[in-house]
Amino acid sequence: MYDNVRQELNFCVRAPETNPGETVCVSGNCDGLGNWTLDEVVPLERKGNEDVWTGTVQIVTTEAKTVAYRYVICMILEDPKRRVIVRRWETCLEPRSVGPNRVDGQLDRFGLIDEGNYEVQNGWMTTETLVQMKLYNNPIHIWKRRYANRKFRVRVTPVDLKRHDSESIADEDSTLDTGDTKCGTWPIVELAVMNETECEFVLQQQFGRAYNPDEFMVFQAQVLFPDTIAYVVDFYVDDPNSCNSDVPEHFGYCYVLPSVFEQTTGTSIIPITGLKHQPVGQLTVEYLVIRPARECRCDLLVSYSKHWKSGRKTLDVGHRGSGSSFSKTQHCANIRENTITSLRNAADHGADFVEFDVQLSKDLVPIIYHDFHVCISTKKKYSGNDSELLEVPVQDLTLAQLQGLKLQHITELMKNDASASRTFVHDDHEDSQPFPTLKHALESVDIHVGFNVEIKWNLQRKDGTQELSAQMEINLYLDVILKTLLENAAGRRIVISCFHPDICTMLRLKQNKYPVLFLTQGQSKKYAPYFDPRTSSIPMAIHFARSAGILGIDVHTEDILVDTTLVQLCKDAKLVMFCWGEDNNDPKVIEQLKNLGLDGVIYDRIDEHKTDKENVFLVETKARNAVIERTRDGDEQPSS
């Protein structure tokens, strides 16, 4: 039994990363430091005008307990209750600790725990809403001849409609003087441009950023009450007649009102008004509204969202478990894809991860199934036993219907023969049936096997067609899936992926535990291109991944085989790279991809490729246990 010990801890940290309005805080594993709870972080005090923050905390702990802590840069808002917004935080797997090597009150450096090991990530959403406004595909049209062919700048500024003292935008130059380039007021608006040098979000310059019709710009606002916040978009051109070359001419503006963001996603066309209140152009803005995850509370204990063990060999990832079972290739699996049996079979044959697809049933249950549609057999009138297959969206059926009705794969629709469905090995077993729940998979497959959970979501093609006509509200959709993962994954390694860039952004911002990969087909001759430019190539995918702060990208192997230098491009950006595609079913290609240094290769029929392989995480666990056993045996031996 250990006695409680009262300690006084003095903290001192240099944090040059802080902007006006931000506060450096400390959090740790005891009551005095908030037990890693965000709401209980301890604010430090800034030392004059320096970048140094200090504070003293009284804690009570036991002699046996090592006090661990991290520094967090927050915005603390009192509106009306205390709200803590995480801007950046230290994310090294092993936090700082109060031990014999720590001098009380020593000067720490924010983010630098081990020598040369700087690990800091942006925060996740807690109580705030995040609004993104995307400008791409030549979204700004200026009609007034004086400005039509000139280069201009764009800036977005939030306007609180509740405040009676809000400045009037109609007052010609009211938005001209927008303050310092590091304006720290709340709400915050940041900008990222999808190119190599500007893809990470930063605060805007005083007069915005130069507009290029071929670029992809994202303005991102963090707000507490989105229904009361409007945005004014200001347009500037360089004024050749001005004696002050640093001050451009303000020639127009437009309001983006809260009512524009009626849906979670959408596109709006907004008139641009000149300073004499005449229309001078129009702005097309595509928006995304992200809300914090419901019932998913994350803390400051640990984050794996950007963690990847360096030096580990390429992971073998089982595609849909033991492989696609409805493809037309020779590698077509004889076990039904995306079933518990398929996942277990891949695990039994040494898969390090298994990849599978998750979507929601009509009654909001996360299920494992690849296609957006299924076929249901219906009898025809006056035709005896003749039947016809009808295509039905998976999302329109409840879990009971999906698991209880006789449904067939969408490929059977081409045959239009309800009796021609394919049979599989062990098809009569319960675990070989389609539509297992995500929760059941988390509980049923060996925990050493990682899960690559692909979130299914509609993505518009470049020709305007859709993969699925309509889906449920995105925030609700993702919140249900994340809740299932966070409550049931236990210690399993999880990587989440999606082809839709906005889904990847939301997955990263709604939680701080699991890493996210952006799936992309890039420049492909096999698949129709998507409309969103962020999906168009591996370099663009890299820019997006850096912008979103996610772990990496999951690319189509066809792209890599055409240009292998793209692998190094991804490594130089410090991103993880997985790959997928039918090319991966060739053992020679798998070997080539591993030699190139990819982090994961997703392929079919892992049971044929890796008959004698053992799961890498199980091997590592056995090695650690052996070291512990040897150490224990050594301690128990009497000294000579």
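The structure presented is a predicted model; accordingly, all values stated were derived computationally and were not measured. (Residues numbered from 1 in each chain as written. Predicted model: local features only at pLDDT ≥ 70, side-chain atom pairs only at ≥ 80, totals over all residues. Heavy atoms only, no water.)

**Examining the layout of surface pockets**
This is how it is decided: Lining residues are defined by having an atom within 4 Å of a point belonging to a cavity or pocket. Those points lie on a 1 Å grid over the protein atoms alone, cavities being sets where a 1.4 Å probe fits but cannot get out and pockets being open sets with protein on both sides within 12 Å along at least five of seven lines. Grid points are joined across faces, edges and corners, and a volume is the space filled by probe spheres set on the points. Here a strand is any run of E in DSSP of at least two residues, a helix any run of H or I of at least four, and the numbering for each starts at the N terminus. Under the scheme applied, nonpolar residues are Ala, Val, Leu, Ile, Met, Phe, Trp, Tyr, Cys and Pro; charged residues are Asp, Glu, Lys and Arg; polar residues are all the others, including Gly.
Roughly 1300 Å³ of internal volume is contained in the second largest pocket. In terms of lining, the second largest pocket is formed by 44 residues, of which the most central are Arg320, His370, Asp371, Lys456 and Tyr527. Counting residues per element, the lining of the second largest pocket draws most heavily on strand S30 (residues 450-455), which supplies three residues. Among the residues making up the lining of the second largest pocket, the classes are represented as 16 nonpolar, 14 polar and 14 charged.

**A closer look at the packing of helix H8 (residues 538-548) against helix H10 (residues 565-572)**
Rules: Fitted lines through C-alpha atoms serve as axes, helices being fitted only where they are in contact, and the angles separating the N-to-C directions of these axes extend from 0 to 180 degrees. For classification purposes, angles smaller than 35 degrees are called roughly parallel, those larger than 145 roughly antiparallel, those between 65 and 115 roughly perpendicular, and all remaining angles oblique. When checking whether two residues touch, look at their non-hydrogen atoms; a contact exists if any pair is within 4.5 Å.
One can describe the packing of H8 onto H10 by two numbers: an axis separation of 10 Å at closest approach and a directional angle of 10 degrees. When the axes of H8 and H10 are compared, the pair comes out roughly parallel. Of the residues in H10, those in contact with Ile538, Pro539 and Ile542 of H8 are Leu566, Leu569 and Cys570. Partitioning the contact of H8 with H10 into residue classes produces six nonpolar, no polar and no charged.

**Looking at the environment of Leu569**
Formally: Only protein chains enter the area calculation, which uses a 1.4 Å probe; residues under 20% of their type maximum are buried, those over 50% are exposed, and those in between are partly exposed.
Tracing the backbone shows Leu569 in helix H10. Its relative accessible area of 37% is what places Leu569 among the partly exposed residues. Between the alpha carbons of Leu569 and Pro539 there is a distance of 7.8 Å; along the sequence they are 30 residues apart. In contact with Leu569, other than residues within four places in its own chain, are Pro539 and Ile542.

**Comments concerning the pairing of strand S35 (residues 600-603)**
Quick note on the threshold: At least two bridges found by DSSP between two strands are what make those strands a pair. Note on handedness: a crossover is taken as right-handed if, strands pointing away from the viewer, the path from the first strand over the helix to the second is clockwise.
Going residue by residue along S35, you find Gly600 and Ile602 tucked away on one face and Val601 and Tyr603 tucked away on the opposite face as well. Taken together, the two bridges between strand S34 (residues 576-580) and S35 define a ladder with parallel strand orientation. Within S35, the residue paired with Cys579 across the bridge is Val601. A crossover links S34 with its parallel partner S35, the connecting element being helix H11 (residues 587-596), and its sense is right-handed.

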